[in-house]
Amino acid sequence: MTSDTVHHTPVDAIVVGGGVAGLSAAVALGRSRRSVVVVDAGDPRNAPAAHSHNYLTRDGESPLELVRLGRDEARHYGAHIIDGTARSATRTESGFEISLADGSVVQGRRLLVTTGLTDVLPDIPGLAERWGRDVLHCPYCHGWEVRDRAIGIVGSAMAQHQAQMWRQLTEHVTVFAHTAPEFTDEELQRLAARGIDVVDEEIAGVEVDNDAIVGVTLSDGRQVRLDALVVGPSFTSRADILVSLGLGTTEMVLDDHVLGTYIEADPVGATAVPGVWVAGNVAAPMDTVVAAAAAGVKAGAAINGDLIEEDVRAAVERAKSTAP
Ligand SMILES: Cc1cc2nc3c(=O)[nH]c(=O)nc-3n(C[C@H](O)[C@H](O)[C@H](O)COP(=O)(O)OP(=O)(O)OC[C@H]3O[C@@H](n4cnc5c(N)ncnc54)[C@H](O)[C@@H]3O)c2cc1C
């Protein structure tokens, strides 16, 4: 993908992260005639998957093609897109300065961070290589594609919930306790009632043949045939750039288990730090593509509204100072 040269900064808004959230915000801002720079490292979370689902009119599109199309749309409305990694952010008199890994800097009046998250996967030999292909996590993203197939759920704090979700798509669901906390009697009853097998053993490795998962080997040597594995990754927000601005992450907790981290914000993405917005998975780990894109549009519109207020205040001051 090509990178643009930015001649005039400060721009109205700097967007760090050019996935669907960041690019949707850039379109909303560009269409409002705001100058925008998007800094993007080019590594969207869903890149390992060949197809993206549940985004109306774009069902089955490749994640990288979605981003390429999004960049074209953002550029059409004047956004500049820089291929690079933002390393740090500092506050300036008029807004923010972002330093990139290549030593360059970009200045802007407002900052939107849409850097997404990192999925920390269970440490099982052979598993990471299959991530996004037949190691899955989201039934709405890839469940239909493995309907009626044999699915194994890797034990985690999410396992009971995931097992019931994937059971909606296939009758062949097995939960492997792996290293997860033990199921309660009530959970075991709920699993058994839906015909979900529970294997109280650790998974030692993932078996692959002909570029497809064929099963798992357990720590006692047994092998179980499977077509896909479901994991409950830890969702770690990619929010390092916000630390220097005083914004830390919050833990996402379910039933006393920490599922990941995120940056807290109001419904349109405004954070506790004036002038700084967040959108997409960095703020909402459960957001799918369409939800992250919507969050980007909302944040872009909110930033435009905030800039309008500042522009009005400045115009009133100017008018007062020139009044006879
Ligand atoms: C394997 C997999 C498959 C999925 N499939 C689907 C699906 O089929 N349908 C669906 O709706 N959802 C799917 N999802 C969820 C989807 O990936 C997210 O909803 C979506 O990517 C969130 O968009 P985002 O813009 O918030 O973050 P991302 O898409 O992750 O984009 C963040 C961008 O910020 C960049 N970035 C990060 N740090 C920096 C930095 N310091 N400087 C500059 N740039 C930076 C990254 O390189 C990246 O380009 C899937 C997720 C996974 C893991």
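Thresholds applied
Residues numbered from 1 in each chain as written. Predicted model: local features only at pLDDT ≥ 70, side-chain atom pairs only at ≥ 80, totals over all residues. Heavy atoms only, no water. Helix = DSSP H or I, 4+ residues; strand = E, 2+ residues; numbered from the N terminus. Contact = heavy atoms within 4.5 Å. Areas by Shrake-Rupley, 256 points an atom, 1.4 Å probe, with all protein chains shown as cover. Pairing = 2+ DSSP bridges. Axes fitted to C-alpha atoms, helices over the stretch in contact; angles between N-to-C directions. Near = heavy atom within 4 Å. Nonpolar A, V, L, I, M, F, W, Y, C, P; charged D, E, K, R; others polar.

S.K.: A description of the overall build of the protein chain should follow, citing residues and the corresponding values.
M.R.: If you tally the helices and strands in the protein chain, you get six helices and 19 strands. Oriented by its inertia axes, the alpha-carbon framework of the protein chain measures out at about 85 × 40 × 35 Å. Summarising the internal contacts of the protein chain: among those between residues at least 6 apart in sequence, 59% fall at separations of at least 24. When the accessible surface of the protein chain is totalled, it reaches about 16,100 Å², and 50% of it is carbon and sulfur.

S.K.: Can you lay out the sheet that holds strand 8 (residues 135-136) for me, pointing to particular residues and giving the numbers?
M.R.: Ordered by their spatial adjacency, five strands build an open sheet running 8-15-9-10-11, and the pairing between neighbours is parallel. At either margin of the open sheet sits one strand with a lone partner, and together these are strand 8 and strand 11 (197-199). Taken together, the three bridges between strand 10 (residues 173-176) and strand 11 define a ladder with parallel strand orientation. For V175, the partnering residue across the bridge sits in strand 11 and is V198. Lying over the sheet, helix 4 (residues 159-167) contacts strand 8, strand 9 (151-154), strand 10 and strand 15 (228-230), oriented at roughly 165 degrees with respect to strand 9.

S.K.: Before we move on, can you summarise the site of the ligand with the specific residues and values?
M.R.: Near the ligand you find 36 residues, and of these D40, D43, H53, D287 and V289 are the closest. Burial of the ligand by the protein amounts to 96% of the accessible area it has alone, namely 990 Å². Taken together, the elements giving at least two residues each to the shell around the ligand come down to helix 1 (20-31), strand 2 (36-40), helix 3 (139-142) and helix 6 (289-322). When grouped by side-chain class, the residues that make up the shell around the ligand number twelve nonpolar, 18 polar and six charged.

As far as function goes, none of this settles anything; it's purely spatial.
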